[in-house]
There are 2 protein chains.
Amino acid sequence: MSQTDMGRAGAMAEAMISIETRLRDCGLRPTRQRIALADLLFAKGDRHLTVEELHEEAIEADVPVSLATVYNTLHQFTEAGLIRVLAVEGARTYFDTNTSDHHHFFVEGRNEVLDIPVNNIAIGNLPEAPDGMEIAHVDVVIRLREKKG
Amino acid sequence: MSQTDMGRAGAMAEAMISIETRLRDCGLRPTRQRIALADLLFAKGDRHLTVEELHEEAIEADVPVSLATVYNTLHQFTEAGLIRVLAVEGARTYFDTNTSDHHHFFVEGRNEVLDIPVNNIAIGNLPEAPDGMEIAHVDVVIRLREKKG
DNA sequence: CTTTATGCAAAGTCTTTGCAATACG
DNA sequence: CGTATTGCAAAGACTTTGCATAAAG
């Protein structure tokens, strides 16, 4: 690995803890399918994928896995806090490998999600959560449309 | 009408322009169903409803209307800019009668949407839209969970 | 009258579930 | 070996569509 790759130290450090161990720590048996899906999810940095997209990637990577298993696995990963669901309008559910507070562009008409460079947005005056509730997450989605003319 | 009702001057002013006219201005024929649905949507101030909820309200209000028509109508209203789609995770699509930039609480596990009192949130440092794109809308969804203990 | 809207039922998506076969520890 | 997981196909939820009937202008 070249020195210039050290910018990804965070990702590398995560990789140090093997996927198997991470899964086991969540109480999930490290099966072939779960390992493969986790590899696809976490190997390439932050991603936001639909079930269908991840399923296709798995098939292309010669990891036979059923669609139902991808659904199950993504929900298990979500419960385990490894990924989170992305709140975007529309039919599809996106899963995001970045579980920290960050935000997204959503391109209308194209159903495409883009990351907003981190920390670009400052949110002030967050309201209090109602009684008995606490804030789990703040989602900012900036909906984009194609400029006419 | 009592004087104390004047606090709803905004809503009243909107009501001055009859629903029929508003619909016609959008190129929508003011049919019995569309008028009734618009009445339900706009008579009570800002609302966020699912198709199913609006359908039930219509039935309860003795306005026989089919579910398909509610779907069609809400999408027509959305295209016309009378309402907008609310970007919240999950199976259901919410339609919001408030088309201006404002934000929402979403109660996890209960699929409940609450308005955040207007102007409570300040967003700074909005990123530039990518080339050829413009910002259509900024959505902030604050996801709430029940506090434990 | 002509055009547009409605309602129904059928078809389409996306997602979940039940259960036998399989893999993990 | 016993238990958890997978895959399949069937079922389920939500939404859209096609077409005959009805309503609006």
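In what follows, the structure referred to is the one given above.
These figures come from a predicted structure and were not determined experimentally.

**Describing the packing of helix α3 (residues 32-42) of chain B against helix α4 (residues 51-60) of chain B**
All names here are of chain B.
- Remark: α3 packs on α4, axes separated minimally by 10 Å, with the N-to-C direction vectors making an angle of 110 degrees. Between α3 and α4, the interaxial angle falls into the category roughly perpendicular. Contacts from Leu37, Leu40 and Leu41 of α3 reach α4 at Leu54, Glu57 and Ala58.
- Its residues assigned to classes, the contact of α3 with α4 comprises five nonpolar, no polar and one charged.

**Here we look at the protein's contact with DNA strand C**
- Taken together, 20 residues are adjacent to DNA strand C, and Tyr71, His75 and Arg92 of chain A together with Gln33 and Arg34 of chain B come closest.
- Among the atoms of DNA strand C lying within 4 Å of the protein, the sugar-phosphate backbone contributes 80%.
- Histidine 75 of chain A has a polar side-chain atom sitting 3.4 Å from a phosphate oxygen of DNA strand C.
- The contact in question runs from a phosphate oxygen of DNA strand C to an N or O atom on the side chain of threonine 69 of chain B, over 2.8 Å.
- When residues of the surface near DNA strand C are traced back to their parent elements, those giving at least two are α5 (67-79) of chain A together with α3 and α5 (67-79) of chain B.

**Here's the deal with empty space enclosed by the protein**
Residues and elements named next belong to chain B.
- Evaluation of the coordinates by the stated rule reveals two cavities of 30 Å³ or more.
- Within this model, the second largest cavity holds a volume of roughly 30 Å³.
- Together, Ile19, Arg22, Leu23, Ala38, Phe42, Phe77 and Leu82 line the second largest cavity.
- Looking at which element gives the most residues to the lining of the second largest cavity, the answer is helix α2 (residues 19-25), with three residues.
- For the lining of the second largest cavity, a count of residues per class yields six nonpolar, no polar and one charged.

**Considering the sheet that holds strand β3 (residues 94-96) of chain A**
Residues and elements named next belong to chain A.
- A sheet is described by the order of its strands in space; here three strands give the open sequence β1-β3-β2, paired in antiparallel fashion. Two strands bound the open sheet, and with one partner strand each, they are β1 (48-50) and β2 (84-86). When strand polarity is set aside, the average angle formed by the axes of neighbouring strands in this sheet is 40 degrees.
- In this sheet, β3 lies alongside β1 in antiparallel orientation, the contact comprising three bridges. Bridged to histidine 48 within β3 is aspartate 96.

**Quick notes on the protein's contact with DNA strand D**
- Not every one of the 19 residues close to DNA strand D is listed here, only the nearest: Gln33 and Arg34 of chain A together with Tyr71, His75 and Arg92 of chain B.
- Close to the protein, within 4 Å, the atoms of DNA strand D are drawn from sugar and phosphate at a rate of 83%.
- In the model, a sugar or linking oxygen of DNA strand D is placed 3.2 Å from a nitrogen or oxygen of the arginine 29 of chain A side chain.
- The contact in question runs from a phosphate oxygen of DNA strand D to an N or O atom on the side chain of tyrosine 71 of chain B, over 2.6 Å.
- When residues of the surface near DNA strand D are traced back to their parent elements, those giving at least two are α3 (32-42) and α5 of chain A together with α5 of chain B.
- The dominant element in the surface near DNA strand D, judged by the number of residues it contributes, is α5 of chain B, at four residues.
- Classifying every residue of the surface near DNA strand D by side-chain character gives seven nonpolar, seven polar and five charged.

Calculation criteria
Residues numbered from 1 in each chain as written. Chains lettered and ligands numbered in written order. Predicted model: local features only at pLDDT ≥ 70, side-chain atom pairs only at ≥ 80, totals over all residues. Heavy atoms only, no water. Axes fitted to C-alpha atoms, helices over the stretch in contact; angles between N-to-C directions. Helix = DSSP H or I, 4+ residues; strand = E, 2+ residues; numbered from the N terminus. Parallel < 35°, antiparallel > 145°, perpendicular 65-115°, else oblique. Contact = heavy atoms within 4.5 Å. Nonpolar A, V, L, I, M, F, W, Y, C, P; charged D, E, K, R; others polar. Near = heavy atom within 4 Å. Polar contact = N/O pair within 3.5 Å; in protein donor to acceptor, adjacent residues only side chain to side chain. 1 Å grid on protein atoms, 1.4 Å probe; cavity = no way out; pocket = protein on both sides within 12 Å on 5 of 7 lines; lining within 4 Å. Points joined across faces, edges and corners; volume = space filled by probe spheres on them. Pairing = 2+ DSSP bridges.

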